[in-house]
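Observations on chain architecture
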Amino acid sequence: MYVSMKDILMHAHKHNYAVMAVNSVNMEMARAVIEAAEEEHSPIIINIGVGQMAKLAHPTEMVPMIKEMAERANVPVALNLDHGQKFSDMVDAIHRGFSSVMIDASSYPYEENVKRTSTIVSLAHPLNICVEGELGHVGQAADGDNSRDDLYTNVEQAVQFVKDTGVDALAVAIGTAHGNYPKGYVPVLDFERLAELKKALNMPLVLHGGSGSGEENIRKAVAGGINKINVCTDAFHAAEDAMKAAWEENPGLNYLEIMMVAEAAIKKFVKDYIRVIGSNDQYIYGETVTVGNE
């Protein structure tokens with residue numbers, strides 16, 4: 001079920017839950033993520049960033065492979081370009097058959113953000129490709145950007161931005177940041193602002209920088225109206241920690257064995273996360289009936 005991300009997010013918006021968008025940089029990650037979603041009866045979004053495609057997740061191989069896995073999955077799967085900025089990268093993703101693109105022009109002045117975002121919308125929508133925009137700016141944890149109120153999404157401006165661009169989903173800045181927070185640090189999120197945004201916009205909202213935000217924050221964000229949560233760093237850590245532990249226990253593990261360890265760890269991580277954000281069991285047809293002994 002390879003679908004537009006818009007279909008996935010509108011269902012999540014209507015039924016008050018969130019969907020994981022997991023950055024997947026190789027076959028093992030993508031397979032683990034999709035299998036986890038199937039086992040949890042959950043929709044899922046595969047994210048790939050431009051930088052990730054340049055380093056390892058080459059789209060020539062990754063896109064056809066993910067589409068093939070999605071088409072035989074029994075739950076909805078979308079493939080989303082994460083944080084596209086250059087026009088050429090956005091057009092390339094559209095040509096390759098991504099079912100969603102995220103245009104990140106949030107570091108530009110409002111008028112330029114609108115111009116760039118609306119241009120991508122005009123190219124993507126005729127092909128039934130979902131477009132996610134960003135207003136406010138989700139920066140880097142290492143730079144302390146999550147504590148800068150001036151980067152947070154303005155409610156009134158967000159309403160105008162959606163009207164001006166026609167985006168299907170909006171990434172909002174409420175206090176998270178990309179990458180690793182300092183050890184032991186949990187960000188403080190502006191849930192009041194989130195509630196105002198959800199009420200004013202009444203559309204799918206996206207949380208970037210979900211990694212390291214803490215389970216309580218994630219649950220409250222979903223309850224407040226977040227419908228898509230981008231996860232990258234935590235998924236990488238799940239694989240890294242599992243591989244380190246496996247090698248410590250058995251230094252003789254070969255490449256095949258250690259990749260199997262990584263894939264299993266990512267799958268477990270995604271399954272657990274799906275249950276936290278409430279997307280599990282959203283795609284079950286009919287009812288399971290248990291017949292007792294008479």
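Residues numbered from 1 in each chain as written. Predicted model: local features only at pLDDT ≥ 70, side-chain atom pairs only at ≥ 80, totals over all residues. Heavy atoms only, no water.

1. Some points on unusual backbone geometry
The condition is simple: Numbering of helices and strands runs from the N terminus, with a helix taken as a DSSP run of H or I at least four residues long and a strand as a DSSP run of E at least two residues long.
Phi angles above zero are rare outside glycine, and H41 is one such case at about 55°. The topology assignment puts H41 in the loop between helix 2 (27-40) and strand 2 (44-49). Of note, the phi angle at N202 is positive, near 50°, even though the residue is not glycine.

2. Topic: the environment of A21
As a reminder of what qualifies: The contact definition used throughout considers only heavy atoms, calling two residues in contact when any of these lie within 4.5 Å.
Here A21 is to be found in strand 1 (residues 19-23). Note: C-alpha distance between A21 and N80 (59 residues apart in sequence) is 8.2 Å. With sequence-adjacent residues up to four places away left out, A21 is seen in contact with I45, N47, K228, I229, N230 and V231.

3. Quick word on helix 11 (residues 255-277)
Heads up, the rule is: A helix is expected to reach a length of 1.5 Å times the quantity of its residues less one. Within 3.5 Å is the distance limit for a polar contact, defined as a pair of N or O atoms, with the added protein rule that one can donate a hydrogen and the other accept it, and that residues adjacent in sequence qualify only through two side-chain atoms.
Between its terminal C-alpha atoms helix 11 stretches 33 Å, which fits the 33 Å expected from 23 residues at 1.5 Å a residue. Looking at where helix 11 begins, the residue whose side-chain oxygen comes 3.1 Å from the main-chain nitrogen of L256 is N254. With its phi angle positive at about 80°, G278 sits one or two positions after the end of helix 11.

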